[in-house]
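Listed below are the residues making up each chain.
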Amino acid sequence: MAFNPKSEYIITPKEISIKDFFDYSEDYVTRPPYQRKAVWKQKKKQALMDSLFRRYYIPKLVVREVRLDDSTTVFEIVDGQQRITTVQDFFDNKYKLPKSLADLSNDLAGKYYKDLGTDVRKFIDKSLKYQADVIKNIDEPQHVEHQIIATEIFWRLQQGETLNYMEVAHAQLSSLTRNFIVKYADDLTFDYDKYEPVDSNPDKMPFFELLNVDNDRMKHLQFMARFLLIEKNGGYADLSDKKITEFIEDSKTTNGIGDYSYENTHEAIAVRKNLKTFYDIFKDDPMLDESNGIREFSVEYFIISCYMLIRHLRMHYVLDEETKNVVREFIYAFHTRWKTYEEAEDTDMLTFSNRRQQGENDLEARDRIMRQVFFEYLRDNDFEIKEKDENRVFSELQRIIIYRKGKGLCQECLREGKPEKEARVSWSNYQADHVIPHAKGGQTTLENAELLCAHHNQSKGAKVI
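Owing to the predicted nature of the structure, the values given are computational and were not obtained by experimental measurement.

Helices and strands together make up the secondary structure of the protein, namely 18 helices and 9 strands. For 465 residues, the compact-globule estimate of 2.2 N^0.38 gives 23 Å, and the C-alpha radius of gyration of the protein, at 29 Å, exceeds that figure by more than 25%. Principal axes of the C-alpha set define a box for the protein whose edges measure 90 × 65 × 55 Å. Split into buried and exposed, the 465 residues of the protein put 49% on the buried side. Of the contacts formed within the protein by residues at least 6 apart in sequence, a portion of 69% connects residues at least 24 apart. Only carbon and sulfur atoms are counted for the fraction: they give 47% of the accessible area of the protein, which is about 24,400 Å².

Right, here's the structure in full:
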């Protein structure tokens, strides 16, 4: 009996008119969730059009049939995104045909689609086609195994291309860390319910607006991955490409596709808080606009060192507006010193520059230098930074005393004039609150405590009532 393993899917050849991709674009998912968005330069698009007109060989598209419901399917482009968007842009009159087509006809070279004669447009619309292999029987968009197979096909087709490790990681749809990184650091997102790409991302953190680093090769995702590794390790960590790859691979789960639960982990929460603080410090820089980040934030290891400093300060010190201004001015001053130092005179900056790699020891060396220079800056500018009380949580005894002292009544409800019956809070539902918030330097003492209901404690946040 012959050895013949069962195939997981079937492949059907299909010929598709290039005009169909424009006229019926809603039928084609050109950017599945496991792919990056990439755009060919005009010269490469024109070269493809030249090949189409000359009937030269063009590799087949690989298309996956996806069933949205009993009566509706779409075609997911596993391989061929650029070939399809190229013809869509041509029909949308976004670029001209190449001058190289002049030897075929003077009516072609340098013309937009809209400027071509009727006969030429008819030829293009009816005669120019792509050959495609359509993959069937793995068509359920919410079926984990089907998605994994589609991603594997994509990944294997890319083996000969120069994808960087972050682009490879982006295709790991079942990784919980990948999902978090993409949600908060990518320019784009994907609507799994409608099964269509979305060329914007409302969840992307404003922090990335500060960077004078584009996201063309997923550099923003790389930053987010490194910040997560810092938090996961409680500070200094190996931030190498290999460690990021392992970090993303290790969090793959059977039902991970579309699962964003990782955002509830300690490290994910800490990263978002640190990046919010980072953004708050620099958001008013006049250099920022729609197309420019802050020029000082152009070098990766400098940006990561700034993150480490801000992380340390947020954890241990009160960052009021005055202190944030001082931190901002310090980082600008540090950057100027770093870029203009004399090697023979400034050994701190020399060491900082020489430790530019992403190893754990390099990160620690840079952090200690920047932190030391920061506190020297405070001393030289006669500025005191207020330490937080490291004890954030009231003890059980303190909670009992606070409850008894408040007679089981929410103090803010009483200030609002509510009767005691409405202000009463059970022991299990009461919250011991810092009158002066801990984030603003309030101590965890009985003198700085009062009884609040959950509603008033949560709505208060870091405000002083």
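Turning next to the environment of tyrosine 95. Position of tyrosine 95 among the secondary structure elements: in the loop between helix 3 (81-91) and helix 4 (118-127). Separated by 49 residues in the primary sequence, tyrosine 95 and glutamine 46 place their C-alpha atoms 8.1 Å from one another. Tyrosine 95 has contacts with Gln42, Lys45, Gln46, Met49, Thr86, Val87, Asp89, Phe90 and Tyr112, leaving out every residue within four places of it along the chain. Of note is the side chain of tyrosine 95, whose polar atom sits 2.8 Å from the backbone oxygen of threonine 86.

It is worth spelling out the packing of aromatic side chains at this point. Counted according to the given criterion, the structure contains 39 aromatic pairs. Considering the side-chain rings of phenylalanine 247 and tyrosine 262, the 6.4 Å spacing of their centres and the 75° angle between planes classify their relative orientation as edge-to-face. Of this pair, phenylalanine 247 sits in helix 9 (residues 241-249) while tyrosine 262 is found in the loop between helix 9 and helix 10 (266-282), placing the two residues 15 residues apart along the sequence. Each member of the pair, phenylalanine 247 as well as tyrosine 262, is classed as buried. Here phenylalanine 334 and phenylalanine 352 contribute two aromatic rings whose centre-to-centre distance is 5.1 Å and whose plane-to-plane angle is 70°, an arrangement assigned as edge-to-face. Within this pair, whereas phenylalanine 334 is found in helix 12 (residues 321-340), its partner phenylalanine 352 is found in helix 13 (residues 347-354), the two being separated by 18 residues in sequence. Of the residues examined, phenylalanine 352 reaches a relative accessible area of 0% and is grouped as buried. The ring of phenylalanine 91 has lysine 19 sitting right over it, with the charged end atom 5.5 Å from the ring centre. The ring of tryptophan 338 carries the charged tip of lysine 339 above its face, separated from the ring centre by 4.4 Å.

Here we take up the side chain of asparagine 215. Within the secondary structure, asparagine 215 sits in the loop between strand 7 (196-198) and helix 8 (219-232). Setting aside chain neighbours within four positions, we find asparagine 215 in contact with Ala185, Asp186, Asp187, Lys204, His220 and Leu221.

Here we take up the packing of helix 10 against helix 11 (residues 300-316). As a packed pair, helix 10 and helix 11 sit with axes 10 Å apart at the nearest point and diverge in direction by 100°. With respect to their mutual orientation, helix 10 and helix 11 come out roughly perpendicular. Within the contact between the two elements, helix 10 uses Ala270, Val271, Lys273, Asn274, Leu275, Thr277, Phe278, Ile281 and Phe282 and helix 11 uses Ile303, Cys306, Tyr307, Ile310, Arg311 and Arg314. In terms of residue class, the contact of helix 10 with helix 11 is built from 10 nonpolar, 2 polar and 3 charged.

Here is what the cut-offs are and how they apply
Residues numbered from 1 in each chain as written. Predicted model: local features only at pLDDT ≥ 70, side-chain atom pairs only at ≥ 80, totals over all residues. Heavy atoms only, no water. Helix = DSSP H or I, 4+ residues; strand = E, 2+ residues; numbered from the N terminus. Rg over C-alpha atoms; globule rule 2.2 N^0.38 Å. Buried < 20%, exposed > 50% of the residue type's maximum accessible area, 1.4 Å probe, protein only. Contact = heavy atoms within 4.5 Å. Areas by Shrake-Rupley, 256 points an atom, 1.4 Å probe, with all protein chains shown as cover. Polar contact = N/O pair within 3.5 Å; in protein donor to acceptor, adjacent residues only side chain to side chain. Phe/Tyr/Trp six-rings, centres within 6.5 Å; stacked < 30°, edge-to-face > 60°. Lys NZ or Arg CZ within 6 Å of the ring centre and 35° of its normal. Axes fitted to C-alpha atoms, helices over the stretch in contact; angles between N-to-C directions. Parallel < 35°, antiparallel > 145°, perpendicular 65-115°, else oblique. Nonpolar A, V, L, I, M, F, W, Y, C, P; charged D, E, K, R; others polar.

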